[in-house]
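# Survey of secondary and tertiary structure
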Amino acid sequence: MLLLLGLCLGLRLCAGSPGPPAPARELELELDPARRWHDPLEQVRHRVPRQLRLLQRLKTKPLMTEFSVKSTIISRYSFTTVSCRMLNRASEDQDVEFQMQIPAAAFLTNFTMLIGDKVYQGEITEKEKKNNNRVKQETNKTKEDNQEKGTELFRASVVIPSKEKAVFLLSYEELLQRRRGKYEHIISVRPQQLVGRLTVEVNVLERAGIALLEVPPLRDSRQKGSGKAEGDPGPPPSTTINQTETFAKIVFKPSVVQQAKIAQNGILGDFIVRYDVHRERSIGDIQVLNGYFAHYFAPKDLPPLPKNVVFVLDSSASMVGTKLRQTKDALFTILHDLRPQDHFNIVGFSNRIKVWKDHLVSVTPDNIRDGKIYIHHMSPSGGTDINAALQRGISLLNNYAAHNDIEDRSVPLIIFLTDGKPTVGETHTHKILNNTKEAAQGQVCIFTIGIGNDVDFKLLEKLSLENCGLTRRVHEEEDASAQLVGFYDEIRTPLLSDIRIDYPPTLVKQATQTLFPNYFNGSEIVIAGKLADRKMDQLHVKVTASNSKKFVVLKTDVPVEPQKEGNNVTGSTRSKGDGQEAPNHIERLWSYLTVKDLLSAWLQTDDEQVKERLRQKAGTLAVNYHFLTPFTSMKLKRPAEETHADRLEHGYGGMSAVAGPETVMQSLRGANMQPGPAPKKPYDPRIKISKTSADGDPHFVVDFPSSQLTVCFNIDGQPGDILRLVSDHMGSGVTVNGELIGAPAPPNGHKKQRTYFHTITILVNKPERSYLEITPKRVILDGGDRLVLPCNQSVMVGTRGLEVSVSANANVTVTIQGTIAFVILVHLYKKPAPYQRNHLGFYISNSKGLSSNSHGLLGQFLYQDAKLTEDPAEQSKNHSAPPFPPGDQRSETVLKVKGRRVPVVWKQRKIYNGEEEIDCWFARNTAAKLIDGEYKHYLASHPFDTEPVFGPGMPRGI
């Protein structure tokens, strides 16, 4: 539910834009001033050659250099970040618009713009009450005006100075809904032009295990170019899929040529990932993390409940043509799908109500045939009497229940389909809703379908919301019939009714909705809540429901297996409850569902006092969790300029910025943090750094200062592996992981491939939780407020106990509490060979703050010592030089470390800060006997995994 974000510094920014956008023609002229060459007089006067005119037109159009989307899905909850880079190549300032369609069920959590060296970050605040009614109407209008199904359009327009760049960063979160046995994650890929670097990455992490995974062709039924090659049902071209039992990584990275084959205009379509998970317990899967729990309930192998269904179909004059034809086609298919134990009837309505039978009939071949004939002869005419049609449909179901055996626990449903607004009979929305609710008495569920763009979708939403149903919008297009059948498939098999899920009130507080009218096969019920006792080892769960002719009671004590804190996800914004909790995906899920429940309750009540309490509660929670809702708004905070003369509206809370031509200094705490001394100057690209490092292919180096020994080893991993470099989560609260990418080996080399570190992730959980994700292009810092820093600009940021310094295209230095420092070198190639990749090197510059329990491939050696056990008498005590001449006894040299004897040989290794090479003792065979355990013990399940493999109470000398 996106709202007006406001105007700031001449920026035009809207989501669900309440004001009319600039006319398409006007916008096109603004973006392409070179259209003046279309004037014949101008062409004659200036005599500009056609080729030059084309070049000038291309020059002045802002160029999108990069469009990337990254989604991380943890236990059905998705975090999505969109990054778009634009370049103004013109000699004058240019207006540019960024657009992104986001799912209608998602909450936008952040929007940030970087214009040149200035940072404009969105701040979510509670909306003033006086704007509520206007915003509700405008938001609904935007939904109706939006031509893409199930999405809302976010737009931001800004003026980019000549020759400058702009970066747009957008984040949103969503709980994926299970429909027809699958979760579906949809990402809109419509950059509006061909893009030099276009990437969509989806990471799926499901503890229960991934049962199936599908990536269909790009879907864009509204625009030309579907991305689907003829006869090719598989993923879009250039899509790679890597999958394990619990993790999947899908990357879509089309070249410009591949994009052009799909759509020359850059509107590629929807990139879709569908999957499902394994389910073992009938009572569901319960996950716990940091005092919050999520219960996923989706039983299977149950006999279906019989359903009593009345199809209420609009046959008014506006349904003429394609709409009615496609509705009839869909109904023919649906009638054939009814089960023998079901009962049904058909109501057609316009300004008159036309009922097929005066009562519900059983499903027989003759009745199905007669029903199809009745539908076939429907003809469009007259107005739209929605109120009378609903009243007639409900009365048919109530009469059936009154005159038949209701012990069969059948499910009464109305499937209501219309393309318009009420024009005949009762036309007042409020009265229609009240009449329907009073007639249904909570016993009849109404599922509404709106066809086309003229439908009163707001009315349909409330009809379903107040009567235990669902709403879908179907567009008047070629596959409308398939959409109708697809919606019916979601509700065709009810398995349970009158579901109640109970938890011990002394153990669980603030749980989300626990009462559900129906459970349909292929769907899922999700409940989240807070635990009163974090140390509990089991949770009593009781599920009561009706199934067929039985009353079902499921009761069990579910073992609580707390997930490790490392399952938190980057991209989650601040999730402050009491100000002390670290963000985690289950807490985000709880806040998401709680806000949704409050919004639903607010929509359903007419009591103004109750509405105000719900508004305040939902607004406060949405602000705390950075959700953009009808009760919150987003404003862009302006950077404070260096000179007082140019300063605009200084004093916003949150993040402030001081921008200069080369360095940006930002405080992530703003008004909440007392100004301290300015951070130190960014590190020089050729700084002296520690030898203890992992860089290159990668090559690991460990320095033992007390014995003046340096040891090195190689780790031959696989692309996609995530290596644990430092693990001190329980001590200093620091964990460092590095993700590998692959490249072909150089010609005539002995290796099959090379691997490099492409991403370094750092988690800090003391005194507050902070996340860092570093790649050769950017640094993402989430220390309460999320910030993205490009690596090609010198930047320094600081928050309590954490400083990040970026030296442009050289290195990133992370300092924690002043006692821990890591330096990440950025290795870039102007013209890389096939076996080269832009990559990172990781160096431990200061380890004083790391505890003695540190582990990881590098961390395990920080508090150890080593010595050579075969040191000849004549050898100098300085072991930095080789003690044996080349060719002698090198293979017999033994290093003693951690009580183990490790054969080593003498080697020379390069330290990649560009200054020096070092001599080291090399442990062969992938560091066998040198490191604790084996290589596989150092593989993390995902970039922000902190689960320790070695630590206190665990064997270290395996």
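One structure accompanies this document, and this report is about it. Predicted model only: the values in this text are computed from it and were never measured. (Residues numbered from 1 in each chain as written. Predicted model: local features only at pLDDT ≥ 70, side-chain atom pairs only at ≥ 80, totals over all residues. Heavy atoms only, no water.)

## Focus: the overall build of the chain
Along its length, the chain carries 14 helices and 52 strands. For the chain, the residues scored as buried account for 56% of the 958 residues in total. Here the contacts in the chain between residues at least 6 apart in sequence split such that 69% fall between residues at least 24 apart. When the accessible surface of the chain is totalled, it reaches about 41,200 Å², and 50% of it is carbon and sulfur. (Helix = DSSP H or I, 4+ residues; strand = E, 2+ residues; numbered from the N terminus. Buried < 20%, exposed > 50% of the residue type's maximum accessible area, 1.4 Å probe, protein only. Contact = heavy atoms within 4.5 Å. Areas by Shrake-Rupley, 256 points an atom, 1.4 Å probe, with all protein chains shown as cover.)

## Observations concerning the sheet that holds strand β9 (residues 165–175)
Reading across from one edge, β14-β15-β12-β3-β4-β9-β6-β7-β32 is the order of the nine strands in this open sheet, with mixed pairing throughout. Either end of the sheet is taken by a strand with one partner, and the two such strands are β14 (239–243) and β32 (632–637). For this sheet the average axis-to-axis angle between neighbouring strands, irrespective of direction, equals 15 degrees. Bridge count for strand β3 (residues 63–74) against strand β4 (residues 77–87) is 11 bridges, and the pairing is antiparallel. Paired with V69 across the two strands is V82, which belongs to β4. Contacting β7 (118–126) and β32, helix α13 (residues 608–624) crosses the sheet at an angle of about 155 degrees to β7. (Pairing = 2+ DSSP bridges. Axes fitted to C-alpha atoms, helices over the stretch in contact; angles between N-to-C directions.)

## Looking at the pairing of strand β36 (residues 699–704)
Counting buried positions along β36 yields five of six residues, so the element is predominantly enclosed. Two elements, strand β35 (residues 693–695) and β36, share three bridges in a ladder whose sense is antiparallel. Paired with S693 across the bridge in β36 is V701. Taking the residues that link successive antiparallel strands as the turn, the β35-β36 hairpin has three residues, and the phi of G696 there is positive, at about 70 degrees.

## Remarks on the packing of helix α6 (residues 322–337) against helix α11 (residues 480–491)
One can describe the packing of α6 onto α11 by two numbers: an axis separation of 8 Å at closest approach and a directional angle of 35 degrees. The handedness of the crossing between α6 and α11 is right-handed. Between α6 and α11, the residues in contact are Q326, T327, D329, A330, T333, I334 and D337 and A480, S481, L484, V485 and Y488, respectively. Residue classes in the contact of α6 with α11 are distributed as six nonpolar, four polar and two charged. (Left-handed = near helix turned anticlockwise from the far one by under 90°. Nonpolar A, V, L, I, M, F, W, Y, C, P; charged D, E, K, R; others polar.)

## Digging into the state of the cysteines
All chains considered together, the criterion is met by two disulfides. The residue that forms a disulfide with C445 is C468, at a sulfur-sulfur distance of 2.0 Å. Disulfide C445 to C468: torsion about the S-S bond roughly -110 degrees, handedness left-handed. Linking C445 in strand β24 (residues 445–451) with C468 in the loop between α10 (457–466) and β25 (471–474), this pair joins segments that are 23 residues apart in sequence. On the basis of relative accessible area, C445 is assigned to the buried category, the value being 4%. Sulfur-sulfur distance for the disulfide between C712 and C920 comes to 2.0 Å. Given an S-S torsion of about 70 degrees, the disulfide between C712 and C920 has right-handed geometry. Placement of the pair is C712 in strand β37 (residues 709–714) and C920 in strand β52 (residues 917–923), with a sequence separation of 208 residues. The residues C712 and C920 share a single accessibility class, namely buried. Each disulfide of the chain joins two cysteines, and with those cysteines numbered along the sequence the arrangement is 1-2, 3-4. (Disulfide = S-S within 2.5 Å.)

## A word on the side chain of R900
Inspection of the secondary structure assignment puts R900 in strand β51 (residues 900–910). At a separation of 2.7 Å, a polar atom in the side chain of R900 contacts the main-chain carbonyl oxygen of K929. (Polar contact = N/O pair within 3.5 Å; in protein donor to acceptor, adjacent residues only side chain to side chain.)

## Remarks on unusual backbone geometry
Residues D697 and P698 are joined by a peptide bond in cis, for which omega reads -5 degrees. If you trace the backbone, P698 turns up in the loop between β35 and β36. Even without a glycine there, the phi angle at A927 is positive, about 60 degrees. Relative to the assigned elements, A927 resides in helix α14 (residues 924–927).

## A look at α6
Its 16 residues place the ends of α6 23 Å apart at the C-alpha level, agreeing with the 22 Å of an ideal helix rising 1.5 Å per residue. Where α6 is buried, its residues contact β19 (307–314), β20 (343–349), α7 (365–376), β23 (411–418), β24 and α11. (Expected span 1.5 Å × (residues − 1).)

## Things to note about the sheet that holds strand β17 (residues 285–289)
Reading across from one edge, β17-β18-β29-β27 is the order of the four strands in this open sheet, with antiparallel pairing throughout. Each having just a single partner strand, β17 and β27 (508–509) make up the two edges of the open sheet. In terms of strand pairing, strand β18 (residues 292–297) meets strand β29 (residues 525–531) through six bridges, oriented antiparallel. Its bridge partner lying in β29, Y292 is registered against K530.

## Structural notes on the pattern of salt bridges
All chains considered together, the criterion is met by 33 salt bridges. Where R492 meets D337, a salt bridge forms, and the shortest distance between an N and an O atom there is 2.5 Å. Note that R492 is positioned in the loop between α11 and β26 (494–502) and D337 in helix α6, a separation of 155 residues in sequence. Judged by relative accessible area, R492 falls into the partly exposed class, the value being 24%. Using a relative accessible area of 22% as the deciding quantity, one classes D337 as partly exposed. For R615, the salt bridge goes to E612, with nearest N and O atoms at 3.0 Å. Remark: E612 and R615 occur in helix α13; sequence separation between them is three residues, near one turn of the helix. What makes E612 buried here is its relative accessible area of 18%. Connected via shared salt-bridge partners are R76, R178, E206, D276, R279 and E524. (Salt bridge = Lys/Arg side-chain N within 4 Å of Asp/Glu carboxyl O.)

## Details of the packing of aromatic side chains
The geometry of an aromatic ring pair is captured by the separation of the ring centres together with the interplanar angle, meaning the angle of the planes. Going through the model one piece at a time under the given rule, you end up with 28 aromatic pairs. Chaining the aromatic ring pairs together yields one cluster made of Y77, F79, F107, Y292, W590, Y592, Y625 and F627. Against the face of F107 rests K596, its NZ or CZ located 4.7 Å from the ring centre. Here the guanidinium or amino end of K898 rests over the ring plane of F861, the centre of that ring lying 4.8 Å away. (Phe/Tyr/Trp six-rings, centres within 6.5 Å; stacked < 30°, edge-to-face > 60°. Lys NZ or Arg CZ within 6 Å of the ring centre and 35° of its normal.)

This is a description of form; function is not addressed.
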